[in-house]
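# Structural description and commentary
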Amino acid sequence: MALTNSLTIRTDPLLRAWLSRLAKDAGRTQTAMIRDLIYLMVCDDELGRALIQRLLTDQISYTG
């Protein structure tokens, strides 16, 4: 029997629309898009550090 982990992310309609558009453009489901983006940020150290730095220096926080 395989165990699966799940994560629930609360979003508003605007963020969900953005995710839908990005996933469609990438040919992925919304779930796969989030998973693949996190995977990419972890596996590509330069990209991950750049995104973290941008969040910190520009104080980016989407709160809807």
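Residues numbered from 1 in each chain as written. Predicted model: local features only at pLDDT ≥ 70, side-chain atom pairs only at ≥ 80, totals over all residues. Heavy atoms only, no water.

### A word on the overall build of the protein chain
What the protein chain contains, in helices and strands, is three helices and zero strands. In the protein chain, the succession of α and β elements from N to C terminus is α-α-α. Taking 11 Å as the expected radius of gyration for a compact globule of 64 residues, we find that the protein chain reaches 14 Å, considerably beyond that expectation. Each of the three principal axes of the protein chain carries a C-alpha extent, and together these read 45 × 30 × 20 Å. Total accessible area computed for the protein chain in this model is approximately 6,100 Å², and 58% of it derives from carbon and sulfur atoms. Across the protein chain, the 8 positively charged side chains and the 7 negatively charged ones have centroids separated by 8 Å. (Helix = DSSP H or I, 4+ residues; strand = E, 2+ residues; numbered from the N terminus. Rg over C-alpha atoms; globule rule 2.2 N^0.38 Å. Areas by Shrake-Rupley, 256 points an atom, 1.4 Å probe, with all protein chains shown as cover. Lys, Arg positive; Asp, Glu negative; His and termini not counted. Charge placed at Lys NZ, Arg CZ, Asp CG, Glu CD.)

### A look at the packing of helix H2 (residues 30-43) against helix H3 (residues 45-57)
Helix-helix packing: each pair is described by the crossing angle between the helix axes and the interaxial distance. H3 packs onto H2 with a crossing angle of 105 degrees between their chain directions and a minimal axis gap of 5 Å. Looking at the two axes, H2 sits roughly perpendicular to H3. Here Leu40, Met41, Val42 and Cys43 of H2 come into contact with H3, specifically with Asp45, Leu47, Gly48 and Leu51. Here the contact of H2 with H3 is composed, by residue class, of six nonpolar, one polar and one charged. (Axes fitted to C-alpha atoms, helices over the stretch in contact; angles between N-to-C directions. Parallel < 35°, antiparallel > 145°, perpendicular 65-115°, else oblique. Contact = heavy atoms within 4.5 Å. Nonpolar A, V, L, I, M, F, W, Y, C, P; charged D, E, K, R; others polar.)

### Section: a nonpolar patch on the surface
A cluster of nonpolar side chains, Leu37, Ile38, Leu40, Met41, Val42 and Leu51, forms an exposed patch at the surface whose accessible area comes to about 490 Å². In terms of residue count, H2 provides more of the nonpolar patch than any other element does, five residues in total. Tracing the chain through its elements places Met41 in helix H2. (Patch = residues over 30% accessible without salt bridge, like charges linked within 9 Å, V, L, I, M, F, W, Y side chains within 5 Å. Salt bridge = Lys/Arg side-chain N within 4 Å of Asp/Glu carboxyl O.)

### Quick word on the pattern of salt bridges
Inspection of every chain in the model, using the stated rule, returns three salt bridges. Among the salt bridges present, the one from Arg35 reaches Asp36, with a minimum N-O distance of 3.0 Å. Of the charged contacts in the structure, one is a salt bridge between Arg54 and Asp58, with a shortest N-O distance of 2.4 Å. Note on Asp58: relative accessible area 42%, which makes it partly exposed. Several salt bridges converge on common partners, so that one network encompasses Arg28, Arg35 and Asp36. (Buried < 20%, exposed > 50% of the residue type's maximum accessible area, 1.4 Å probe, protein only.)

### Section: the confidence of the model for the protein chain
For the protein chain, per-residue confidence averages 90 on the pLDDT scale, and residues scoring 70 or more make up 95% of the total. Within the protein chain, helix H1 (residues 13-26) carries the highest mean pLDDT (95), whereas H2 carries the lowest (93). (pLDDT = per-residue confidence, 0-100.)

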